[in-house]
Amino acid sequence: MDKPLSKAQSAYLKARARRRHLVLTGQILLFVLFVGLWELTAQTGLLNDFIFSSPSQMIKTFLRMTEDFSIFRHIGITLAETAGSFFLVMAIGLGSAMVLWLFPALAELLEPYLVMLNSLPKSALAPVLIVWLGNNMKTIVVAAVSVAVFGAIMTLHTGFQNVDPDKIKLIYTLGGSKWDVLRKVLIPSSVPLIINNMKVNIGLCLVGVIIGEFLAADQGLGYLIIYGSQVFKMDMVMMSIVLLCLLSMGFYRLIGVLEKWAARRSGLHRPG
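Residues numbered from 1 in each chain as written. Predicted model: local features only at pLDDT ≥ 70, side-chain atom pairs only at ≥ 80, totals over all residues. Heavy atoms only, no water.

Asks: Residue-level account of the environment of Ala 217, with values.
Replies: Tracing the backbone shows Ala 217 in the loop between helix 10 (191–216) and helix 11 (221–230). For the pair Ala 217 and Thr 139, spaced 78 residues apart in sequence, the C-alpha separation works out to 9.2 Å. (Helix = DSSP H or I, 4+ residues; strand = E, 2+ residues; numbered from the N terminus.)

Asks: Residue-level account of the environment of Phe 86, with values.
Replies: Residue position: Phe 86 is located in helix 4 (residues 70–102). C-alpha of Phe 86 to C-alpha of Leu 206: the two residues are 120 residues apart in sequence and 8.5 Å apart in space. Residues in contact with Phe 86, not counting those within four places in the same chain, are Met 198, Asn 201, Ile 202, Cys 205 and Ile 255. (Contact = heavy atoms within 4.5 Å.)

Asks: Please give an account of the pattern of salt bridges that cites residues and values.
Replies: If you walk through the whole model with that rule in mind, you get 2 salt bridges. Here Arg 183 makes a salt bridge to Asp 180, at a shortest N to O gap of 3.0 Å. Pair noted here: Arg 183 and Asp 180 are both in helix 9 (residues 178–189), with a separation of 3 residues, about one helical turn. We classify Asp 180 as buried; its relative accessible area is 18%. Note that Glu 259 is salt-bridged to Lys 199, the shortest N-O span being 2.8 Å. Here Glu 259, found in helix 12 (residues 234–268), pairs with Lys 199, found in helix 10; they are 60 residues apart in sequence, far enough to count as distant. Classification of Lys 199 as buried rests on a relative accessible area of 17%. (Salt bridge = Lys/Arg side-chain N within 4 Å of Asp/Glu carboxyl O. Buried < 20%, exposed > 50% of the residue type's maximum accessible area, 1.4 Å probe, protein only.)

Asks: Can you explain unusual backbone geometry? Please cite residues and give values.
Replies: Although it is not a glycine, Phe 69 sits at a positive phi angle of roughly 65 degrees. Considering the arrangement of structural elements, one finds Phe 69 in the loop between helix 3 (55–66) and helix 4. Even without being a glycine, Phe 232 presents a positive backbone phi close to 60 degrees. Positionally, Phe 232 belongs in the loop between helix 11 and helix 12. Relative accessible area serves as the criterion here: at 56%, Phe 232 is assigned to the exposed category.

Pasting the structure below:
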C-alpha cells in the first residue's frame, strides 16, 4: 500500500506540474507569435511571400494536395523509409556493439575503420549507392542507415565498456558466463543509454532519408522539396519542411513515451 504524500512532497509535485504547464503555455504562445509575425510580414510585403511563402499559402497548398491524397502518399513514404532505417540502425547497432563487447580483440581491430566510416560525409555515398542499388527505396533506406549506424555502434559499445565492473565481477564470481553478464547486467544497465541513442538516431535517420530522397526518389517529402525548388513552388517547399519538423517532433515524442515506460518498469522491478 502506498504511503500518503507529505505536505512538502505535495507542494513539490504541484510546483513541478505548474512549471510544466507554464512551459507548455510559453511554447504554444511562442509558436503562435512566430506564425503570426510570419503571416503579417508576408501580407504587408515586409517579406517576399514568393521566396519565403506564408503560413496561409502553405495551408492552401496542403489542402489542395489532400484532394487527391498525394500529400498523404508522400508523408507515408517518408515515414516508412525513416521507420525502416531506424529499426535497422538500432538492430545492427545493438547487435554489433554486443559482438564487439564479447570479442574485445575484434573491437580493437575494427575501431579505426568504424571511426573512419562514421566521419565519412554520407552524402558522398549516395551517388555510389544509386549506381550499386538503383534509383529506388532500397537506396534511400541504405543511405539513411549509413548516416547513423556507425555512430550507434561506437556509442553503444563505449557504453557497454563503462558498465559498473563490480556487477560484472559478481556475475563471474557466481559462476556466470559472458552471456549471463550480457543478459543480466549489460543490457539492463544500458537501457537509458540505448534510449538516448534512439533519440539521436531517429533524427539522423530522417536526415539520411531526406538526403536519399533528394537524389533517388520520385515521391516523399524530400522529393517535394527538390521538385518545389526546381519549379519555384516555395509554398510546397516550406510546407514540406514544416511537415518534416512535425514528423521529427512526433518521432521524438514516441521515444519519450518509451523512455517513461522503461523508467516505470525499472521502478517496479527495483528491490525495496
